[in-house]
Amino acid sequence: MIDIEFVRKQFPALERDFIFMDNAGGSQVLSKVAERISGYLLHHNVQLGASYKVSEEAGKKLKYATSRVTEFVNASRTEEIVIGSSTTMLLRILSLSISKQWKKGDEVIVTDTDHEANVSPWMDLKEKGIEVRVWKVNPESLELDLSDLRKLLNSRTKLVAVTHASNVLGTINPIKKIAKEVHKAGALICVDGVAYAPHRKVDVQELDVDFYTFSWYKTYGPHLAVMYGKYNKLLKLDSLNHYFIGKKDVPYKLQPGNFNFELTYSTLGIIEYYEDLYRHHFNAKPISFSEKLTKSFGIISSHEEKLASLLLDYLNEVPEIRVIGNPKSDASERVPTISFVHSTLKSDQIVEKVDDHRIGIRFGDFYAKQLIKALDLEANNGVVRVSLVHFNTLQEVNKLIRVFKEIFK
């Protein structure tokens, strides 16, 4: 079992008299992260690449940070790590660069379950003559069927853009299986892992993806994002940096203005936190970093399944409520991002009533606009979304349920 007291002590904001359940929009920040930001700004806030000592020290610190991020996602080399301000920006940069290699009539496949970050950059390529096909969610199962993808793939398909976990449905997509189908067709796969990374271990080599993105500010860190890309794929991309930054300058050619130094350095605090989780919950037997992550995310997913089970069991018992997504709590099938609608109350009405109890949940489309439209939920003002993470407690979920019972009586 997870030591929830130990976990919550790592997040200063949790000392407030407030319950944070809008974590898919942005999680709370680890104290280690804030300390790293402060330390860098106070002691190493200089430009990189100079010959003086402080600049050399700063360069080494950032090189170490990016090496740990490389290890964190199991990339094969540091050049495969591209850092940017947000997942939205990184995917836009990718689409602008990679599309320079495509010609009119080439095709991209997007889903109608994704956040717009992994939809709009590809849809906008229609202006260049790129055809965009939509892999639609099964309206009954609320899942993406591989058989439907196979019908869309053809010799003109250049890339498939898909989410690892829906930020509305909470469903975990079988990315490894999807990647296999995509590669069989001779195309690339670009995965949005924003709603997945806070909950589960990311192993880009195991998944065999070509591009993978997520945001640190939803993973207990700063407002920053990372994109993994297979080195040979990144190498082929055109530079979007200054004219003298060439194709071989990976990843700098995709980081115009460079990355944010202090925020990049602070991601060390997140990685160290997972190591601390392992040390606290298991013996100090020396094992690989990858094994430590597996152990840490194991206790995280187990705890999150209990949280999801408690809430879903209640929601499934209310006749007027329809859970939008998998109604079961199985951690192998979903993350604890839980959405629902009510038969008579609008989603905004429910959330506004919850606000008075110092509990933060949210309503809307969460930029998964195509999904809300496909499921005909616009009239409900979108869904009510309760997005839990491992620092939430069973007591907090029970309090939310008590509030819901008052609202739905």
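First, a word on scope: everything that follows refers to the structure included in this document. Note that the coordinates shown come from a computational prediction; the quantities given were computed from them, not determined experimentally. Within every chain, residues take consecutive numbers counted from 1 along the sequence as written. Totals for whole chains, interfaces and linings use every residue, but because this is a predicted model, local features are given only for residues with pLDDT of at least 70 and side-chain atom pairs only at 80 or more, for both listing and counting. Heavy atoms from the whole structure form the basis of all side-chain values; hydrogens and water molecules are not counted.

1. Some details on the sheet that holds strand S9 (residues 321-323)
Line of reasoning, step 1. Two strands pair if DSSP finds at least two bridges between them. Helix numbers and strand numbers start at the N terminus; a helix is a DSSP run of H or I with at least 4 residues, a strand a run of E with at least 2. What the 4 strands build is an open sheet, ordered S9-S10-S13-S12; its pairing is antiparallel. What marks the edges here is a single partner per strand, and that holds for S9 and strand S12 (362-364). Neighbour-to-neighbour, the strand axes of the sheet open up by a mean angle of 35°, direction not taken into account.
Line of reasoning, step 2. Of the pairings in the sheet, the one linking strand S10 (residues 337-342) to strand S13 (residues 383-387) comprises 4 bridges and is antiparallel in character. Angular values range over 0 to 180 degrees, each being the angle between N-to-C directions of two axes fitted as lines to C-alpha atoms, with helices fitted over their stretch in contact.

2. Considerations on the pairing of strand S5 (residues 157-163)
Line of reasoning, step 1. Residue exposure (1.4 Å probe, protein chains only): buried if accessible area is under 20% of the type maximum, exposed if over 50%, otherwise partly exposed. Of all 7 residues in S5, 6 are buried; the element is thus mostly enclosed.
Line of reasoning, step 2. Both strand S3 (residues 107-111) and S5 contribute to a ladder of 3 bridges, which runs parallel. Pairing of Val108 across the sheet is with Leu159, part of S5.
Line of reasoning, step 3. Sheet topology places S5 next to strand S6 (residues 188-192); 5 bridges connect them, and they run parallel.

3. Considering helix H10 (residues 261-281)
Line of reasoning, step 1. The span expected for a helix works out to 1.5 Å for each residue beyond the first. Relative to the 30 Å expected for 21 residues at 1.5 Å per residue, H10 spans 32 Å between its end C-alpha atoms, a close match to the ideal helical length.
Line of reasoning, step 2. Burial runs high along H10: 18 of the 21 residues are buried.

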